[in-house]
Amino acid sequence: MTAAMNEKTIKTTCPYCGVGCGIVATVDDAIGHQVTIQGDPDHPSNFGKLCSKGSALGDTVSTENRLLHPEVHCIPCDWNTALDTVADGLTSVIRQYGPDAIAFYVSGQLLTEDYYVVNKFMKGFIGSANIDTNSRLCMSSAVTGYKRAFGADAVPCSYEDLEAAELIVLTGSNTAWCHPIVFQRIRKAKENNPALKIVVIDPRRTATCDSADLHLTIKPGMDGLLFNGLLTYLAQTDALDNDYIAAHTQDFEWALQSARNTAGNIEIVAQDCGLSSADVEKFYGWYAKTAKTVTVYSQGVNQSSSGSDKCNAIINCHLATGRIGKPGMGPFSFTGQPNAMGGREVGGLANTLAAHMELDNPEHIDRVARFWQTDRIATRPGLKAVELFDAIDAGTIKAVWIIATNPVVTLPDADKVKNALKRCNLVIVSDCIKNTDTVDLAHIRLPAAGWSEKAGTVTNMERRISRQRPLFPFSGLAKPDWWIISQVAARMGFKHAFDYRSSADIFREHAALSGFENNLEGQPRDFDISAFADLTEDAYDRLQPVQWPVTKKNPNGTERLFTDGKFYTASRKARFIAIRPRAPVNKPDPNYPFTLNTGRLRDQWHTMTRTGLSAKLNAHKPEPFVEIHPLDAARYHLQTHDLATISSLWGNMIARVVITENQQPGSLFVPMHWTAQFSSRGRVGALVNPVIDPHSGQPESKQTPAAITPYRALWYAMLLTRSPLMLDDIEYRVTVKGNDFIRYELADRTPFPSWRDWLKSLSGESNNPHCLEYSDPERGVYRSALIIDGRLEVCLFVSSTPPLPETGWLETLFAQPQINKEERLRLLSALPPEGQEDCGRLVCSCFNVGEKSIAKAIREFNLANVEQIGQQLSAGKGCGSCLPELKRFLPRQ
Ligand SMILES: Nc1nc2c(c(=O)[nH]1)N[C@H]1C(S)=C(S)[C@@H](COP(=O)(O)OP(=O)(O)OC[C@H]3O[C@@H](n4cnc5c(=O)[nH]c(N)nc54)[C@H](O)[C@@H]3O)O[C@H]1N2
Ligand SMILES: Nc1nc2c(c(=O)[nH]1)N[C@H]1C(S)=C(S)[C@@H](COP(=O)(O)OP(=O)(O)OC[C@H]3O[C@@H](n4cnc5c(=O)[nH]c(N)nc54)[C@H](O)[C@@H]3O)O[C@H]1N2
Ligand code: SF4
Ligand SMILES: [Mo]
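Residues numbered from 1 in each chain as written. Chains lettered and ligands numbered in written order. Predicted model: local features only at pLDDT ≥ 70, side-chain atom pairs only at ≥ 80, totals over all residues. Heavy atoms only, no water.

Looking at an unreviewed UniProt entry, one finds the protein named Nitrate reductase, with Methylotuvimicrobium alcaliphilum as its source organism. The Sequence similarities (unreviewed entry) field of the UniProt record for the protein holds the comment "Belongs to the prokaryotic molybdopterin-containing oxidoreductase family. NasA/NapA/NarB subfamily." (UniProt positions renumbered as here; feature names shortened; annotations may be inferred.)

(A) Here's a closer look at the site of ligand 3. As a matter of local geometry, ligand 3 sits amid C14, Y16, C17, V19, G20, C21, L50, C51, K53, G54, P180 and I181. Listing elements by their share of the shell around ligand 3, those giving two or more residues are α2 (52–55) and α8 (180–192). For the shell around ligand 3, a count of residues per class yields nine nonpolar, two polar and one charged. (Near = heavy atom within 4 Å. Helix = DSSP H or I, 4+ residues; strand = E, 2+ residues; numbered from the N terminus. Nonpolar A, V, L, I, M, F, W, Y, C, P; charged D, E, K, R; others polar.)

(B) Quick look at the nonpolar core. L226, F227 and F283 are the most contacted members of the largest nonpolar core, which has 105 residues in total. Ranked by residue count, the leading element in this core is helix α9 (residues 223–236), at eight residues. Judged by nonpolar contacts, the second largest core, of 70 residues, contains I126, F494, A504 and W548. (Core = buried A, V, L, I, M, F, W, Y, C linked by side-chain atoms within 4.5 Å. Buried < 20%, exposed > 50% of the residue type's maximum accessible area, 1.4 Å probe, protein only.)

(C) Just the site of ligand 1, in detail. The environment of ligand 1 is made up of 35 residues, and the closest members are D202, G221, D223, R600 and Q604. One of the side-chain nitrogen or oxygen atoms of K53 is found 3.1 Å away from a nitrogen atom of ligand 1. Interatomic distance of 2.9 Å between a side-chain N/O atom of N597 and an oxygen atom of ligand 1. Considered on its own, ligand 1 offers 900 Å² of accessible surface; in the complex 99% of this is hidden by protein. Sorting the residues of the shell around ligand 1 by element identifies α7 (175–178), α14 (299–302) and β23 (594–599) as the ones contributing at least two each. Grouping the amino acids of the shell around ligand 1 by side-chain chemistry returns ten nonpolar, 18 polar and seven charged. (Polar contact = N/O pair within 3.5 Å; in protein donor to acceptor, adjacent residues only side chain to side chain. Areas by Shrake-Rupley, 256 points an atom, 1.4 Å probe, with all protein chains shown as cover.)

(D) Molecular detail of the packing of aromatic side chains. Taken as a whole, this structure holds 35 aromatic pairs when the rule is applied. Relative to F121, the ring of F104 lies with its centre 5.9 Å away and its plane at 80°, an arrangement referred to as edge-to-face. Here F104, found in strand β6 (residues 102–106), pairs with F121, found in helix α4 (residues 112–126); they are 17 residues apart in sequence, far enough to count as distant. Grouping residues by exposure puts F104 and F121 together as buried. Three or more aromatic residues joined by ring pairs make a cluster, and in this case those are F104, F121, F125, W401, F494, F498 and Y500. (Phe/Tyr/Trp six-rings, centres within 6.5 Å; stacked < 30°, edge-to-face > 60°.)

Shown next as structure tokens:
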């Protein structure tokens, strides 16, 4: 048989962001764990496009770092032993302390089927609602905002509304990096319709700003005031849709009064938001006169102690202008995770119930209990993420099961979370990966099937349900999450309710519940996919992407909600909410004079358990860093390439200094991605204040008072090696996985005993080791390379001051089986031979184009736009994720 005959093509969905791109995966059974990834041209979310992360999925499916078998107290075991131990452990806690002494902490990265089962188990049968999800950190404020306004957690818009819009306001969203394919759709829409205006509201200048007609560098946390000011302005300028307000809404006067009281005129708003009056007026003016307006909001709005209010301040303006339920309009919360929306559907949050029902509503509780045929259902909301870990810390929760999330890195006050887990009697973790900061603290580790193995559905941020389909068999003993949970439920006496044979079984039940007693007495629930309640196994396999609601009457799904002006409140009218804007809870002070902002990078996904495996993705931003404005850098004696200690009342970290005017004076930005697996001191969650929104419980991850000081090491080193090395005792250590090498960035304040002896110890018993060395003790410089049998093994550069030489060329030498004489000669200078260029830090990961090559081509060929760069270098011609960055290399027009 030829290889091609073994090839099969499978359609599935990207496991990263909420855009929910369709993928065509080609696997060759003869080759094993390898896959070629392409965008699915027929998927309505991406029409064939994929961003850098989606395109690199093939690099992340290796089994090398997978958790391949269950472990109890670090001892590998079979499933029966592990499942019995989990069931016995949970049962004994319940017997002794009651069901509320147990907690689950789950994730928007579960498939809907997994998510449904774990919620049914905990809320329906264990009988406690102490099950929360990482979505609490992500979009619980958006949920609260929608529920307060519409009576249901219903995202009104579609991506097509962005294309039909004439004004897109992006607030607290770095769309270019975090929802790249939707951003490409927005960019394309602007090309097709130059009248489309884009306003970006973000204290930082981000890649998203490169497409903006107006960028408002808002003072951190002030969005509520800005949108209250907008509501006042709309009233003052006669831009309200009074007919819509009268027919379809309630409580308008109340909200307007509050807006007037708090944001009565543009000057005050501008001053308090740190903006110019002219810019605020421009934004308000555009908004007032552009009917087709979509406001997109994400973590810069949600992750705030007043996040829910900010969401409602935004929604108020849409309701006041009747801009909802019509093409090209609406308040559009961008969710982050691939299945944040699916989690909302199954009641993933501790205060909600399945199928968009509520835990504070006795009728809903009764209905779900009858559907599940249980008399043990939880009857009150459970603890929300931050409180839940506080309860673990306090010892009131005795056992926790964490599934598909990494709270030791991503919850605020993350050192406290770490200590809480260390103290907890029973920590069960289900993950695909062998070592994460959270898995490392588990008593019981359960190997979950990951993307490319598991089967089920996800819902993207425009309510579109798509299938994830398996490409490979399960690795090792890994099992789908729904199976693991059902097995434990069965062992705890609930087999009758968890007797699922497939994910299709679960999906049907979930669909049936969504239609169960829906629309009683003219009161419908928004989430209804009852059309799928009888889906056959085969039809589930073939399920095409579709936007809910999907009912028998409406089998092709629903592009837009609220087209009839009817909402899900008792009166069927939308509610205005009166907003009193509040600043972040903790304010900078002389000890902690900066506002620390945290967020995402283009090529990493959260805690890097998967993207960190891809050399390509690591190349874009390889090291944890802190961005600071030049004036602040000068004041605090920081230079580019320096390391700095950043600290808050809660914790501290070390990161590389990046000086940039993209940052406002008084604020710092640190990416959220680094963990103890990749860096000794790069976990920013340790610094983040555990302040939460009173309505949603979402933490204020974007604003923590912080201080910064130079970290002056005795020595700095850069080490390239073929295989991992033990470097645990070094104070600053970052590990970067490359293609054929690993790079370590190192620094310490205590002397390293002897680099020479250490290198010698590395050559071990090998034949023919050869050590090149250069030493200048006066300058603290030491350089060395270890070559074994003509092949480069280790390359070490040490200096008493940063920066160390650039490593681009040296890294390429690891791909060679032998290095030649000239290369040997130049090794310790790090300068490539004539004709072999170092292309600099990677910008375009599809075509491996670095910043030096781009700058050089622009200079040499007088390139004037990104198209010309593409023609010359191919950069930007692949996934397009680097286009905003390419723009920055061009001379400013
Ligand atoms: N590459 C990549 N993409 C991702 C993810 C990833 O890890 N990597 N994660 C996914 C997930 S789960 C999520 S939730 C989304 C998040 O997507 P986004 O919300 O777009 O991403 P963030 O970087 O967290 O924050 C967005 C912006 O909010 C700004 N901001 C901070 N404070 C304020 C403020 O007070 N007001 C305003 N208006 N803006 C402010 C920040 O400067 C930042 O640029 O991304 C998803 N997509
Ligand atoms: N400082 C700061 N902190 C933040 C944020 C921020 O902007 N700033 N953003 C917050 C937001 S919006 C989010 S969404 C969170 C995300 O934070 P987390 O969810 O904690 O981060 P991930 O790295 O996505 O963790 C997912 C884990 O699930 C595992 N996994 C993947 N697939 C599966 C599966 O199918 N089954 C199982 N069992 N495991 C699987 C992965 O290996 C990984 O360990 O971080 C939050 N924390
Ligand atoms: S935009 Fe990128 S990360 Fe998001 S779903 Fe599409 S390919 Fe995946
Ligand atoms: Mo998120």
